[in-house]
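Each chain, letter by letter, is given below.
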Protein chains: 2
Amino acid sequence: MALDDPQFAAAALALRYGPDQPGPIRWNPVIAGLLAHRSVRAYLPDALPAGTIETLVAAAQSAATSSNLQVWSVVAVSDADKRARLAELAGGQRHIAQAPVILLFIADLARAGLIAHDADAAADGYDYLESFVVAAIDASLAAQNAVVAAESLGLGTVYIGAMRNHPEAVAALVGLPPRAMVIFGLVIGLPDPAHPAAVKPRLPQAAVMHHDTYALERQRPAIARYDETARAFQTAQAQKPVGWRALILARGRDAAALNGRDRLKAALRLLGFGLR
Amino acid sequence: MALDDPQFAAAALALRYGPDQPGPIRWNPVIAGLLAHRSVRAYLPDALPAGTIETLVAAAQSAATSSNLQVWSVVAVSDADKRARLAELAGGQRHIAQAPVILLFIADLARAGLIAHDADAAADGYDYLESFVVAAIDASLAAQNAVVAAESLGLGTVYIGAMRNHPEAVAALVGLPPRAMVIFGLVIGLPDPAHPAAVKPRLPQAAVMHHDTYALERQRPAIARYDETARAFQTAQAQKPVGWRALILARGRDAAALNGRDRLKAALRLLGFGLR
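The shown structure was predicted, so the numbers you read here are calculated from the model rather than taken from an experiment.

Engineer: How do you make sense of the interface of chain A and chain B when you look at a structure like this?
Structural biologist: How big an interface is tends to be stated in terms of accessible area lost as the parts join. Listed per partner, the contact involves 120 residues of chain A and 120 residues of chain B. The junction of chain A with chain B conceals about 10500 Å² of combined surface from both sides, 62% of it contributed by carbon and sulfur atoms. Considering only the surface of chain A that becomes buried against chain B, Arg26, Asp212 and Tyr214 of chain A emerge as the three largest contributors, covering 8% of it. The interface formed by chain A and chain B holds 6 salt bridges in total. Residue Glu130 of chain A is joined to Arg164 of chain B by a salt bridge in which the shortest nitrogen-to-oxygen separation is 2.9 Å.

Engineer: Please clarify how the sheet that holds strand β2 (residues 101-108) of chain A should be interpreted in this entry.
Structural biologist: Hydrogen bonds along the backbone pair up the strands of a sheet, which may run parallel or antiparallel. One open sheet accounts for 5 strands, arranged β3(A)-β4(A)-β2(A)-β1(A)-β5(B); its pairing is mixed. Edge strands, defined here as strands with exactly one partner in the open sheet, are β3 (156-160) of chain A together with β5 (209-211) of chain B. Averaged over all neighbouring strand pairs, the angle between strand axes comes to 25°, with direction disregarded. Here 8 bridges tie β2 of chain A to strand β4 (residues 180-189) of chain A, and the two strands are oriented antiparallel to one another.

Engineer: Explain the relation of the copies chain A and chain B here, please?
Structural biologist: Comparison of the two chain copies shows a relationship of rotation about an axis with a shift along it. With an RMSD of 0.0 Å, the fit of chain A onto chain B corresponds to turning through 180° and sliding 0.0 Å along the axis. Given the turn and translation reported, the copies of this chain are related as if by a two-fold rotation axis. Comparing contact sets, 100% of the residues at the interface of chain A also lie at the interface in chain B, consistent with an isologous, same-surface contact.

Engineer: Sorry, what's going on with the packing of aromatic side chains here?
Structural biologist: The description of an aromatic ring pair rests on the distance of the ring centres and on the angle between the ring planes. Applying the stated criterion across every chain yields a total of 12 aromatic pairs over all chains. Between Phe132 of chain B and Phe273 of chain B the ring centres are 5.5 Å apart and the planes differ by 75°, which places this aromatic pair in the edge-to-face class. Note that Phe132 of chain B is positioned in helix α7 (residues 129-152) and Phe273 of chain B in the segment after α12 (264-270), a separation of 141 residues in sequence. The exposure class assigned to Phe132 of chain B is buried, which follows from its relative accessible area of 2%. When its relative accessible area of 4% is taken as the criterion, Phe273 of chain B is described as buried. A network of ring pairs unites the aromatic residues Trp72, Phe105, Tyr159 and Phe184 of chain A as a single cluster.

Engineer: Help me out: how do you make sense of the sheet that holds strand β5 (residues 209-211) of chain A in this one?
Structural biologist: The 5 strands are arranged β5(A)-β1(B)-β2(B)-β4(B)-β3(B) in an open sheet whose pairing can be described as mixed. With partners counted over all chains shown, the strands left at the sheet margins are β5 of chain A together with β3 (156-160) of chain B, one partner each. For this sheet, the mean angle separating the axes of adjacent strands, direction not counted, is 25°. The pairing of β5 of chain A with strand β1 (residues 72-77) of chain B spans 3 bridges and is parallel. From the neighbouring strand, His211 of chain A faces β1 of chain B, where its bridge partner is Ala76 of chain B. Running at roughly 165° to β1 of chain B, helix α3 (residues 52-61) of chain B makes contact with β5 of chain A together with β1, β2 (101-108) and β4 (180-189) of chain B of the sheet. Sheet strands in contact with α7 of chain B are β1, β2, β3 and β4 of chain B, and its direction is about 10° off that of β4 of chain B.

Engineer: What is the right way to read helix α3 (residues 52-61) of chain A from this model?
Structural biologist: Side chains three or four residues apart in an α-helix point the same way, a direct result of the helix having 3.6 residues per turn. Within α3 of chain A, 9 of the 10 residues are buried, leaving the element largely enclosed by the surrounding structure. Turning to α3 of chain A, its buried residues are Thr52, Ile53, Thr55, Leu56, Val57, Ala58, Ala59, Ala60 and Gln61 of chain A.

Engineer: Help me understand the pattern of salt bridges, please; the structure alone is not making it clear to me.
Structural biologist: A side chain with one charge may pair with a side chain of the opposite charge, provided their charged atoms come close. Residues and elements named next belong to chain B. This model, assessed by the stated rule, comprises 24 salt bridges over all chains. Close ionic contact of Arg225 with Asp20 constitutes a salt bridge, the shortest N to O distance being 2.4 Å. Here the residue Arg225 occupies a position in helix α10 (residues 220-236), and Asp20 occupies one in the loop between α1 (7-17) and α2 (29-35), the gap between them amounting to 205 residues. For Arg245, the salt bridge goes to Asp227, with nearest N and O atoms at 3.3 Å. Of this pair, Arg245 sits in helix α11 (residues 245-252) while Asp227 sits in helix α10, placing them 18 residues apart in sequence.

Engineer: Hey, could you run me through the packing of helix α11 (residues 245-252) of chain A against helix α6 (residues 110-118) of chain B in this one?
Structural biologist: Describing two packed helices takes the angle between their axes plus the distance from one axis to the other. As a packed pair, α11 of chain A and α6 of chain B sit with axes 10 Å apart at the nearest point and diverge in direction by 95°. Compared by their axis directions, α11 of chain A and α6 of chain B come out roughly perpendicular. Only Ala112, Ile115 and Ala116 of chain B of α6 of chain B make contact with α11 of chain A, whose side of the interface consists of Arg245, Ile248 and Leu249 of chain A. Of the residues contributing to the contact of α11 of chain A with α6 of chain B, the split by class is 5 nonpolar, no polar and 1 charged.

How each quantity is defined
Residues numbered from 1 in each chain as written. Chains lettered and ligands numbered in written order. Predicted model: local features only at pLDDT ≥ 70, side-chain atom pairs only at ≥ 80, totals over all residues. Heavy atoms only, no water. Contact = heavy atoms within 4.5 Å. Buried area = accessible area lost by both parts, 1.4 Å probe. Salt bridge = Lys/Arg side-chain N within 4 Å of Asp/Glu carboxyl O. Pairing = 2+ DSSP bridges. Helix = DSSP H or I, 4+ residues; strand = E, 2+ residues; numbered from the N terminus. Axes fitted to C-alpha atoms, helices over the stretch in contact; angles between N-to-C directions. Least-squares fit on C-alpha atoms with pLDDT ≥ 70 in both. Phe/Tyr/Trp six-rings, centres within 6.5 Å; stacked < 30°, edge-to-face > 60°. Buried < 20%, exposed > 50% of the residue type's maximum accessible area, 1.4 Å probe, protein only. Parallel < 35°, antiparallel > 145°, perpendicular 65-115°, else oblique. Nonpolar A, V, L, I, M, F, W, Y, C, P; charged D, E, K, R; others polar.

Here it is as structure tokens:
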């Protein structure tokens, strides 16, 4: 069954939603690729082919950026010692050391600061929470384009939000100046065929998508059905079948559930962000 | 010249970077599509074909989401009155009223709150800045997948960050509950062929991409060259040829340059976000 076979749409929707699928969708090879996404946590150690990182960065830079400010950067870490240290800082995520490269996406107000400094101009606007939010959004749009490009080349990826567990240590490891932080990492490499990753089902569209007006209470039945879909997936993956709501509750329980990220605001201030 | 013609790579890089291009990149139709992105600000009023929004949302939901928390939602606004009001709230961006739909991406901690409420459980973890950041990142990754899917279907898109100019009014318009906010909008429609959009050049990779260690000062010559590239682009577009650094300085000048977004933190608190 080729990726652009319309019959693949039904199979792709079944993997992505379980029994609770939206109506018929439009289909082409690009959409097929997007729907087939899965996070990869087992890699071959092979280096990436020449030009790969430049390709991913060109794709990333082609994403929209708020007012063309381009307040993001990327540090491609291939140094083995640094990857090993990043794996530790992420709570022992071995795939960071295993894959040939991790792209660290930087929320970067330092470049704007440099330009203001050189022009002997004020940079007060960058001291507001809004500027950090723009940087985080810009970096995310860019990174997702890199993911789409990587997957189109047969590569696997996984985002590493745990780069925010110890923001200062991560920043120091790659020499970030003030007003710059690693907002997340993105591991890139060849998936290990011995440990294939599965497509994870998501919430029904009835919970996530709204027309003209948002409806909260109406989401309850869709959430309940998704709990069953998640349980079935967990069972198939030989994981504890706790469902999905349990995961939401566990994350919300208390500050400790945030693995150090409860101090993100303090860390950002230490890294030079104003957050006014 | 077909999109998958390798000769197209050189043309695409020239549009994206001007004279300051990276070395040879890898190439396929997906990467060709990503590099050809441009923001579209002139639309035909035609409705989207059946199944389009469901397709974009399926693509969006297929993006990675931190710990599968899925703390984002989307409100598809096709109601003409609401689109007209959103266009006003965005400072008079007519394309919001012109195109058939705007997808409002929601940083959504309300669903988690509902689940905690129903379980009579604590939701303190969602009161931290980290949870807002996760929601903003998740929504951004999702939205960018929707952009890639839309463009693969021949549709145009433009992000509307100005949804953050008046966050409370926008939230009220679509009935958001506490702990939810529109992080940005995404206009979707058929590009008006009478007003074609251009690919905008970006910073050279020498400024944005770093290997193992970030370098700030080294970016100066690349930034200076990009100022010339931006000037040439602005001239070609019949815009004032101010270059790029001028734009960075204008945004940083003071709080007023943020068009109301200097009060984002206060607005988020009023909308129920803890931001601890």
